[in-house]
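Structure assessment
Residue-level listing of the chains:
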Amino acid sequence: VCLFDSSTGEMLLQKRASTKITFPNVWTNTCCSHPLHGMEVNEVDGPEDVKDGSVKGVKAAAVRKLEHELGIPVGELPIENFKFLTRLHYWAADTVTHGEKSPWGEHEIDYVLFITVPSKDSITLKPHPDEVDDVCWVTQSKLLEMFADDDLLFSPWFRLIANRWMIGGGENGKGGWWDDLDRTMNTDDFCDYENIHRFDPPTEHLGGGGDAGPWLDTKEAPSAIATVGDTVGDASKKQGAYGKIKTHKESKLSQLMHIDEVCSAISLLYINPLKSNLESDNIKKSFDTDDLAFCDDILCKVSRSFAAVIRQLPSELLVDVLIFYLVLRALDTIEDDMTFFASNDEKVKVLLAFHKTALVDPEWKMMGCGEGDERRLLEEFPKCHSVFAALREDSRRVISDITLRMATGMAEFVGKDLGQGTVDVQQYNRYCHFVAGLVGEGLSRLFSASGLEKPALATELYLSDQMGLFLQKTNIIRDYLEDYVDGRAFWPQTVWKKYSASGDLGYFANPATVEHETAALNCIDELVTDALELVPDCLSYLSKLRCAEVFRFCAIPQVMAIATLDKCYHNKDVFSGVVKIRKGMSCALINGTTDINGVHSIFHRFASSILRQAEVSRKNGFEDPSYERTVKACTTILELTETEAKRSGSSVVGSTLMLSTAAVGCLTYKYPNGSNTTALTTAIASIGMFSLFKTSFMKYVGKKGVSSLMPASKLTEKKEG
């Protein structure tokens, strides 16, 4: 947006705030509009709006941002006074601020808007300090002087627009847009609504983390532009928007400092791993070996953590759940791809027909949709169909039914503008029901159909739904930045708009001031609390299970979720990347899910941690509007888990201390010959011996609170008997 004083011909410049992440301290045009999805006044223009030059959406965004950045009241700049001139496709790495390997930059298609006012005195200017450090009105000659001053920084996009179009001869020998404002504003001589002009940045803004070089200004530019189906980012990364978003991890040294978790990892990997039942004789006899091998391999690729949990299921249930997961993952890949389909209507048709195409036609597949291994899943889907077709009829019926209902729900949301999240908590819950609550229902029905769980479990629709919502909300909370960058977010507006000063969901990304950070933390604390209120129903569901393997299958994702919520609570890292719990902690959590006592102990631990964080923040003067609600949710969890937590707590603490002491002692001891290898071997052997002792000890402790869980083999024997 370029704003001019028509009486003097001067243009209003702004100097971007020093606290900005990208391009701070640079002089630039009056404002940038940044149109957003999901705004009450629609800011999204369609092809017809561009063709006729009306672009009311972009103009509405310009009015909003002029008020936000410069404090110009909405009524002072009518939308009809803006002149749309053309569009440009440009990119730039912010190497000036962040160095030659800068992770920050811009890659945009910009709409150029001019607007004039009778005089500078006719508008109100109250620049927002978080957005603008300074403003000034300049003539053409003054701007050229500023361009020549090496001590001044200018934004790369403004330099492109000014030098190519605004000043001097302009393009094709025409006068510059600024040379004759009356002609620019009252004729279409300079308007180009058909083309998108493509520019590389000034040379100092080439490079960045991806070592990007010139491409838009080259003759080959059109073929260089990513087309539908091209992979963006690192397809090997399962979290962080396929490499587009930073993942926050603790250093290896930091992880190794948690000795108890290191021991848990050794125990899980080498001593007492989750046993895979995929090689069972009845599985080998029932399914095509090569197709099942593909399904197992692709499962590990699209979800390494979930693969082991599925594999430990009993043979009479394992493949049913594996295929259920892959079918829904394929459906989810179609829903998530924001560029493959020519229109939303086309995507909806594919979603609604999925249960009749992918699950009926043995040759059905989809080429080019999704990224990485998810794309491969769709492209080789006939192998999944082969295994699906060999399942029991009741399992196929459950999978087909849930697939149709989930696709119907997804189709409902495809047409919704989710750039700014869901409208309210009710819509937030509805989305989570379709993509996760229905999964819980389907699993309950599969458990019951297998005979390993009671038939009544299939009717526990509410509890199944709540358990799914708990997992999905945790993922949505953690994936804030990834979803926002992808233009499809789910945080409810009735929550986050209470805290966003700009009315934009992106306000929370990389908070730069104390007020900014406080608002972001208030928002995430409320969302975490909302998820915590689902815990009692999750624990109630787990208490109804009787098969040990089914219990672990359900419990492991639940304990991972409560640990993730603890990691996200009051954590500003959520707004600059994806936060993850330590791998060693994950192993410890898995080891603690053998019975309800261990699960309750884990929930008790993390509810205590969140409560403690809330109380400490309160004592330090942090005013959290959700504080009382958070305390209530955590207290409820603590009360529900108190008895079982005490029962398992003493044994867990004792064994952890003894195990850690033994391991550290062995690892720090050197034999006379100085052999560290021997010491390490002794450490592992000692851990193994202690593991055997611990198992026997826990059996003794278990007599005080006998678990109602039984392995699948015992349940089968009991049923046959």
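Now for a look at the structure at hand.

Quick look at a nonpolar patch on the surface now. On the surface, Leu269, Tyr270 and Ile271 cluster together into a nonpolar patch covering about 340 Å² of accessible area. Note on placement: Leu269 falls in helix α10 (residues 259-271). For Leu269, a relative accessible area of 56% translates into the label exposed.

This paragraph deals with empty space enclosed by the protein. Within the structure shown, the criterion is met by two cavities of 30 Å³ or more. Volume-wise, the largest cavity comes out at about 50 Å³. Taken together, Asp525, Tyr569, His570, Ala614, Ser617, Arg618, Phe622, Asp624 and Tyr627 make up the full set of residues lining the largest cavity. Among the elements that take part in the lining of the largest cavity, helix α27 (residues 596-619) stands out by supplying three residues, more than any other. Tallied by class, residues from the lining of the largest cavity come to four nonpolar, two polar and three charged.

Grouped together as the largest cluster of nonpolar side chains are 140 residues, with contacts concentrated most on Leu326, Ile334, Trp491 and Phe508. Tallying contributions element by element places helix α14 (residues 315-336) first for this core, with 14 residues. Excluding residues that lie within four positions of it along the chain, Trp491 makes contacts with Gln420, Gly421, Thr422, Ile476, Ile477, Tyr480, Trp496, Leu505, Cys523, Ile524, Leu527 and Phe575. Membership of the second largest hydrophobic core comes to 54 residues, among which are Val50, Ile115, Phe154 and Phe158.

Glancing now at helix α2 (residues 56-70). Every α-helix carries 3.6 residues per turn, so stepping three or four residues along brings you back to the same face. In this model, α2 (15 residues) spans 21 Å end to end at C-alpha, consistent with the 21 Å of a helix rising 1.5 Å per residue. α2 sits mainly inside the fold: 13 of its 15 residues count as buried.

So, on to the state of the cysteines. All told, the structure shown has zero disulfides when counted by the stated rule. There is no disulfide at Cys295, and the cysteine sulfur nearest it, in Cys384, is 3.9 Å away. Given the relative accessible area of 0%, Cys295 is considered buried. Here Cys547 stays free of any disulfide, with the sulfur of Cys554 as its closest cysteine sulfur at 9.7 Å. Looking at Cys547, the relative accessible area reads 0%, which means it is buried.

So, about the side chain of Ser155. Position of Ser155 relative to the elements: it lies in the loop between α4 (140-148) and α5 (156-166). Ser155 sits in the buried class, given a relative accessible area of 0%. A polar contact is formed between the side chain of Ser155 and the side chain of Thr28, at a distance of 2.7 Å.

The residue Thr513 is located in the loop between α22 (493-496) and α23 (514-532) in this model. One polar contact links the side chain of Thr513 to the main-chain amide nitrogen of His516, over a distance of 3.1 Å.

Turning our attention to the pairing of strand β7 (residues 196-199). Here β7 shows a clear split, with His197 and Phe199 buried on one side and none of Ile196 and Arg198 buried on the other. Taken together, the four bridges between strand β4 (residues 83-93) and β7 define a ladder with parallel strand orientation. Bridge assignment links Arg87 to a residue of β7, and that residue is Ile196.

Scanning the model with the defined rule gives 30 aromatic pairs in all. Judged by centre distance (6.1 Å) and plane angle (85°), the rings of Trp491 and Phe575 are edge-to-face. In this pair, Trp491 is assigned in the loop between α21 (480-485) and α22 and Phe575 in the loop between α25 (548-568) and β9 (578-579), connecting sequence segments 84 residues apart. A relative accessible area of 2% places Trp491 in the buried class. Under the relative-accessibility criterion, Phe575 is labelled buried at 0%. Taking NZ or CZ as reference, Lys120 lies 5.5 Å from the ring centre of Trp137, over its face. In this structure, Lys416 is placed above the aromatic ring of Phe413, and the distance from its NZ or CZ to the ring centre is 5.8 Å.

Calculation rules
Residues numbered from 1 in each chain as written. Predicted model: local features only at pLDDT ≥ 70, side-chain atom pairs only at ≥ 80, totals over all residues. Heavy atoms only, no water. Patch = residues over 30% accessible without salt bridge, like charges linked within 9 Å, V, L, I, M, F, W, Y side chains within 5 Å. Areas by Shrake-Rupley, 256 points an atom, 1.4 Å probe, with all protein chains shown as cover. Salt bridge = Lys/Arg side-chain N within 4 Å of Asp/Glu carboxyl O. Helix = DSSP H or I, 4+ residues; strand = E, 2+ residues; numbered from the N terminus. Buried < 20%, exposed > 50% of the residue type's maximum accessible area, 1.4 Å probe, protein only. 1 Å grid on protein atoms, 1.4 Å probe; cavity = no way out; pocket = protein on both sides within 12 Å on 5 of 7 lines; lining within 4 Å. Points joined across faces, edges and corners; volume = space filled by probe spheres on them. Nonpolar A, V, L, I, M, F, W, Y, C, P; charged D, E, K, R; others polar. Core = buried A, V, L, I, M, F, W, Y, C linked by side-chain atoms within 4.5 Å. Contact = heavy atoms within 4.5 Å. Expected span 1.5 Å × (residues − 1). Disulfide = S-S within 2.5 Å. Polar contact = N/O pair within 3.5 Å; in protein donor to acceptor, adjacent residues only side chain to side chain. Pairing = 2+ DSSP bridges. Phe/Tyr/Trp six-rings, centres within 6.5 Å; stacked < 30°, edge-to-face > 60°. Lys NZ or Arg CZ within 6 Å of the ring centre and 35° of its normal.

Interpretation in functional terms is not warranted from these geometric data alone.
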